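Reading the structure
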Number of protein chains: 4
Amino acid sequence: MKPRLTLDALNTALPGEFAAALANAFEHSPWIAGTAASARPFASLAELRDAMIAVIDQASPERRLGLIRAHPDLANRTQRAAGLTAESTAEQDWAGLDRLSDAEFALFEQSNRAYRRKFGFPSILCVRRHTRDSILDIFARRLKNQPTQEERETIDEIGRIATLRLAELIDSTTPLPINGRLSTHVLDTHAGQPAAGVALELIELSRHGASRLIAKTATNADGRTDGALIEGRPVPIGAYELWFHMGDYFARRGVAMNEPPFLEIVPVRFGVSEPEVHLHIPLLVTPWSYTTYRGS
Amino acid sequence: MKPRLTLDALNTALPGEFAAALANAFEHSPWIAGTAASARPFASLAELRDAMIAVIDQASPERRLGLIRAHPDLANRTQRAAGLTAESTAEQDWAGLDRLSDAEFALFEQSNRAYRRKFGFPSILCVRRHTRDSILDIFARRLKNQPTQEERETIDEIGRIATLRLAELIDSTTPLPINGRLSTHVLDTHAGQPAAGVALELIELSRHGASRLIAKTATNADGRTDGALIEGRPVPIGAYELWFHMGDYFARRGVAMNEPPFLEIVPVRFGVSEPEVHLHIPLLVTPWSYTTYRGS
Amino acid sequence: MKPRLTLDALNTALPGEFAAALANAFEHSPWIAGTAASARPFASLAELRDAMIAVIDQASPERRLGLIRAHPDLANRTQRAAGLTAESTAEQDWAGLDRLSDAEFALFEQSNRAYRRKFGFPSILCVRRHTRDSILDIFARRLKNQPTQEERETIDEIGRIATLRLAELIDSTTPLPINGRLSTHVLDTHAGQPAAGVALELIELSRHGASRLIAKTATNADGRTDGALIEGRPVPIGAYELWFHMGDYFARRGVAMNEPPFLEIVPVRFGVSEPEVHLHIPLLVTPWSYTTYRGS
Amino acid sequence: MKPRLTLDALNTALPGEFAAALANAFEHSPWIAGTAASARPFASLAELRDAMIAVIDQASPERRLGLIRAHPDLANRTQRAAGLTAESTAEQDWAGLDRLSDAEFALFEQSNRAYRRKFGFPSILCVRRHTRDSILDIFARRLKNQPTQEERETIDEIGRIATLRLAELIDSTTPLPINGRLSTHVLDTHAGQPAAGVALELIELSRHGASRLIAKTATNADGRTDGALIEGRPVPIGAYELWFHMGDYFARRGVAMNEPPFLEIVPVRFGVSEPEVHLHIPLLVTPWSYTTYRGS
């Protein structure tokens, strides 16, 4: 990993160095960093980001369209084979767009084509904040937009993409709020203590393709997991199931149960809508009952 | 449907009439009813059933083995094509043994073969009390039995099959406890009232084949279903999911929710171990939390 | 108890008989029944009641005021000693107005005096729908009314009193909805079964006087009580605590607990606002947790 | 507050200095510190404490009895007037023994007298770990002990008292586990977020005297309290109610409620049995339901 930049260094660099360092914050569009250089110094990462977005807003319509057209299609295998920027490739991989089933791939192709036909530019989304399902849902909605409205949403998404890229490039004492967190806690209300050693599986649901196992872990002595289930990144918008293997846990504790047990795997299905937020999903559980909720 | 017999009529019938009427209570074995006729009168259906089981217990080992061998294999397509008793066909259909996937069919074949190789007689189970998964689980366990132990379990299962057949044939003021019930109740603890119009789906899970939709209904004004989800029959031993479509319900109520909602479909996964019992599974639910439990 | 009247008999009685039978439906005001007689026949008890209220609404202001003034003050010891109608006495006793502490009595005196000073007539309320606290609360609010508004509320309360009196006097196939119900259900989610033999106490809370034990019972084998905690009457508006003696119950079941136990008596405090409704308050409980809610 | 000692300083002090510094760890018994000085150095506070207890265990029966007799009676007004050690006075005050009602005082007198009559020495207990009720309960139990057994329990309690005194006197990198914590967390599962601004009252219950308000606070933006309800000391063994003022909270949020509301004050009654432990009691609550449990 290359050494990260600091905001101080960027503020005092030569304009050309500044522009070069941030050239890829916006896909194939170094002119944005080039113009933003003159607005320095920036007191925070958010100020820098906002200055770069302002450059786009104040650019000519042609330049704005050029920026949009510089982006690849989502999940486009031909473009991928021909080579994307390293940033685009990594982002699309995070969302699982490199592992689409044929059925999903067909849906993305169809969505992309319909979109490009209507708007004349590629469909752009900050994929690291999304799952396969939410991407398809969002483009189904955005396809109904008026062109000017859609250009606005596209620039907003480009801003979200740039935010994540800047946060990775630059060390700052004023970090951007880009990461969410997904955590859990299992309370055994039969014994009145945290449930330790409960096997957990986090599954990303998909309406069109296969569900994906995102995390597999177990609770520690405090009934929590040593790290969060998802952390250090946005929690992708979408639908999930969190599986708590309670049957095995209670069997190990020696609690009398039926055969098969009333509760074996407890699946909690939930939707994520705010990727930058801490979502805590506890389970209060006995062999015969459970409660779950959006905690804090 | 043919007119049902009464216990009174059976108690006073000629021995031959009695034997003929109950000939099929035990598969291809009218001798059991023939012998039991002399133990009349029976004060209850349970007494009649116990008398017939006693005939088996007191019969010669050869006759007992003959009774066992008179049964068809489970899920045997060849035997089915060749024709089973009407009772056997109906019973196997209830458990879905007529709609096995190829993978499931292969597992049943393998299980049946291993069983017959070890014990020399067909694998017998009261299938109306079971799901595909529980049948496979049970024979995996029973395959480890000693032969005498396994003959005992087999006769017990034949008794369970006969109990269901007798309960269908004979009207009685002392009915046998053969039916269970599966019910639910949805309380909207956001509004403090029963949740009406919640769409429900009951799904029988399968580890080896496809899950099956067992019931599809909606809650009434009291938050309950007009009939139970399963009633008037044993609730088959196995694993299920009950899906509560809460997202649609709260959207109709006009409650503000995220997009996607935190709770959309709430799946409650549970095991059934006692087919003759009332199992009540309520849901107390808000857009942000729920509680479920084995109720009464 | 004297034989109850029937609506049919009242519909066909001589006008004088009708008037005499219902003379006491409105305190010392037989003229209401006398006038309502000519509106017969009544298809339901509600129609009869509404016709009597209509008589009041159409009467002269003087007669209306006369009706109001014919009522006793609430909790007035002098009037009580001098003799109230049997109906008024019974109604006031139900609400516990015959057993006020000195402090409470002083508050009622003060409330009555202020009310009479402002409006010139006695404070009237259907006391069977109330507790001591809710009576004081309501008159504190009503004291701020305009006189015409207060006359309206007073006539409404007289209508509620008459409704209860008519429902007691007259047998009908179309009964008036005058009774509520308060019930509970204790589910032991540690054992996955109803909690039998749990001692229960229902306490009416009072801010000014002593709390009163209203009911003392225990759960049956189904975790419910044999009769409802309150039934066959309106459930008085007010604040209550329902005490569940869970420590004793779990000790009897032999569950290991701390000393003192985490849960001994579980008090559930709740308000009643709708006396004619069924209020169900279940408890789902382990030695370490519980859930309660407004059920149905 | 005088500067606290350190373990290092004590390990290297002259024997006389060491004995003087710890003279009051055991009531009027400097000889214990004097003898323990020769066992230095101590690697931890626990080692020091155990060494001092060992001195008592190895002392002659007369000295042991002398130590016991050097203690004051609990809640003895005459002794208090005559003057106790500052340590004893503070400890008894913490438990509220200086504010007993006359009825409670009479019970303590009676308990002390019966105890002294049977055992010939004062009743001793580490009162900072107790409430008025638990003290009376424990002496009712200990009164049935055999004398030798009771001497053992008394020495154990003297050890608990000394532990608290030593922990206050001495700074250590290896602190003794003397403090518990009582905390709460209010989750509004109607809104799916922490409940901020909920007024809370913690009440110590008493069977014989008046209940005492222990803490009065409100939840912060995270639904927790800024400090724990009880912390920095043992949580006294006893029975408590924690009151959550939910009616006011939901009214402020503008949620439609009945009059009176179904839930106004939610009292959670619980027992504390382990003073050195963290006891967490959350509330998940809507205007129509709540769940509480022993959390972690």
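Calculation rules
Residues numbered from 1 in each chain as written. Chains lettered and ligands numbered in written order. Predicted model: local features only at pLDDT ≥ 70, side-chain atom pairs only at ≥ 80, totals over all residues. Least-squares fit on C-alpha atoms with pLDDT ≥ 70 in both. Contact = placed C-beta atoms within 7 Å. Helix = DSSP H or I, 4+ residues; strand = E, 2+ residues; numbered from the N terminus. Nonpolar A, V, L, I, M, F, W, Y, C, P; charged D, E, K, R; others polar. Pairing = 2+ DSSP bridges. Axes fitted to C-alpha atoms, helices over the stretch in contact; angles between N-to-C directions. Buried ≥ 20, exposed ≤ 12 C-beta atoms within 10 Å, placed from the backbone. Left-handed = near helix turned anticlockwise from the far one by under 90°. Domains from an automatic or database assignment. Arc of directions from axis to C-beta.

Observations regarding the relation of the copies chain A and chain D
Screw-axis analysis of chain A against chain D gives a translation of 0.0 Å along the axis, an RMSD of 0.1 Å, and a rotation angle of 180°. Such a turn and shift between the copies fits a two-fold axis. For chain A, the residue whose C-alpha comes nearest the rotation axis is Thr291(A), separated from it by 4.4 Å. Here 100% of the interface residues in chain A have copies in chain D that are interface residues too; the copies meet face to matching face.

A short note on the relation of the copies chain D and chain C
Mapping chain D onto chain C calls for a rotation angle of 179° and an axial translation of 0.1 Å; the resulting RMSD is 0.1 Å. Interface overlap between copies is the fraction of interface residues in one copy that are interface residues in the other; for chain D against chain C it reaches 100%, indicating a shared surface.

Looking at the interface of chain D and chain C
Opposite the 22 residues of chain D that make contact, chain C presents 22 residues. Broken down by element, the side of chain D that touches chain C gets its largest block of residues, six residues, from strand β9 (residues 265–272) of chain D. Among the residues forming the side of chain D that touches chain C, the class breakdown is twelve nonpolar, six polar and four charged. As paired strands, strand β11 (residues 289–293) of chain C and strand β11 (residues 289–293) of chain D are joined by five bridges and run antiparallel to one another. Bridge assignment links Thr291(C) to a residue of β11(D), and that residue is Thr291(D).

Considering the sheet that holds strand β8 (residues 238–245) of chain C
Residue and element names in this part refer to chain C. Sheet architecture is open: four strands sit in the order β6-β5-β8-β9, paired in antiparallel fashion. Each end of this open sheet is capped by a strand with a single partner; those strands are β6 (212–218) and β9 (265–272). For this sheet the average axis-to-axis angle between neighbouring strands, irrespective of direction, equals 20°. Set on the sheet, helix α11 (residues 246–253) makes contact with β5 (199–204), β8 and β9; between it and β8 the angle comes to about 20°.

Description of the interface of chain A and chain D
Chain A puts 13 residues into the contact, and the matching count from chain D is 13 residues. Looking at the side of chain A that touches chain D, the elements with two or more residues in it are β4 (193–194) and β11 (289–293) of chain A. A class-by-class count of the residues in the side of chain A that touches chain D yields four nonpolar, seven polar and two charged.

Focus on the pairing of strand β10 (residues 278–286) of chain B
When a strand is regular, its side chains alternate between the sheet's two faces. Residue and element names in this part refer to chain B. The element β10 is largely enclosed, with a buried count of seven among its nine residues. Relative to β10, strand β3 (residues 180–188) is paired through eight bridges, and the arrangement is parallel. Counted as the bridge partner of Asp188 is Val285 from β10. As judged from the four bridges shared by β10 and strand β11 (residues 289–293), these two strands associate in the antiparallel manner. Bridge pairing in β11 links Leu283 to Thr292. Where β10 hands over to β11, the hairpin turn is made up of two residues, counted between the paired strands.

Comments concerning the sheet that holds strand β5 (residues 199–204) of chain A
Residue and element names in this part refer to chain A. In space, the four strands of this open sheet follow the order β6-β5-β8-β9, with antiparallel pairing throughout. Strands with a single pairing partner mark the edges of an open sheet, and in this sheet they are β6 (212–218) and β9 (265–272). Averaged over all adjacent pairs, the angle separating strand axes in this sheet is 20°, with direction ignored. Bridge count for strand β8 (residues 238–245) against β9 is eight bridges, and the pairing is antiparallel. Looking at β9, one finds that Trp243 is bridged to Pro267.

Describing the packing of helix α4 (residues 45–58) of chain B against helix α10 (residues 147–169) of chain B
Residue and element names in this part refer to chain B. At a closest axis distance of 10 Å, the pairing of α4 and α10 adopts a crossing angle of 145°. Crossing hand, α4 versus α10: right-handed. The segment α4 lies against α10, with Leu45, Leu48, Arg49, Met52, Ile53 and Ile56 engaging Ile155, Gly159, Ala162, Thr163, Leu166 and Ala167.

Comments concerning the domain arrangement of chain A
Residues and elements named next belong to chain A. When the domains of chain A are assigned, the result is domain 1 (5–171) and domain 2 (180–292). With centres defined by C-alpha atoms, the gap from domain 1 to domain 2 works out at 34 Å. If you look at the interface, domain 1 gives 14 residues, while domain 2 gives 14 residues. Among the residues forming the side of domain 1 that touches domain 2, the class breakdown is four nonpolar, five polar and five charged.

Topic: the environment of Glu150(A)
Residue and element names in this part refer to chain A. By the secondary structure assignment, Glu150 is in helix α10 (residues 147–169). Given 19 C-beta atoms within 10 Å, Glu150 falls into the partly exposed group. In the structure, Glu150 is positioned 112 residues away from Ser38 in sequence and 30 Å away in space, judged by C-alpha atoms. Discounting residues that sit within four places of it in the chain, Glu150 has contacts with Phe119, Arg142 and Asn145.

Side note on helix α7 (residues 86–94) of chain C
Residue and element names in this part refer to chain C. All buried positions along α7 are accounted for by Ser88, Glu91 and Gln92. Viewed end-on, α7 has its buried residues packed into an arc of 95°, placing them on one side of the element. In the stretch just after α7, Gly96 is the one whose phi turns positive, near 80°.

A short note on helix α11 (residues 246–253) of chain D
Residues and elements named next belong to chain D. Within the sequence span of α11, burial applies to Met246, Tyr249 and Phe250. Down the axis of α11, the buried side of the element spans an arc of 90°, and every buried residue falls inside it. On the buried face of α11, the contacting elements are β8 (238–245), β9 and β10 (278–286). Once α11 finishes, Gly254 follows within two positions and takes phi at roughly 80°, a positive value.

Overview of unusual backbone geometry
A cis geometry characterises the amide bond from Arg40(B) onward to Pro41(B), with omega recorded as 0°. With respect to the helices and strands, the residue Pro41(B) is situated in the loop between α3 (30–36) and α4. With an omega of -5°, the peptide bond running from Glu259(D) to Pro260(D) counts as cis. Tracing the sequence through the fold places Pro260(D) in the loop between α11 and β9. At His28(A), a residue that is not glycine, the phi angle is positive and equals roughly 50°. Tracing the sequence through the fold places His28(A) in the loop between α2 (15–21) and α3 (30–36).

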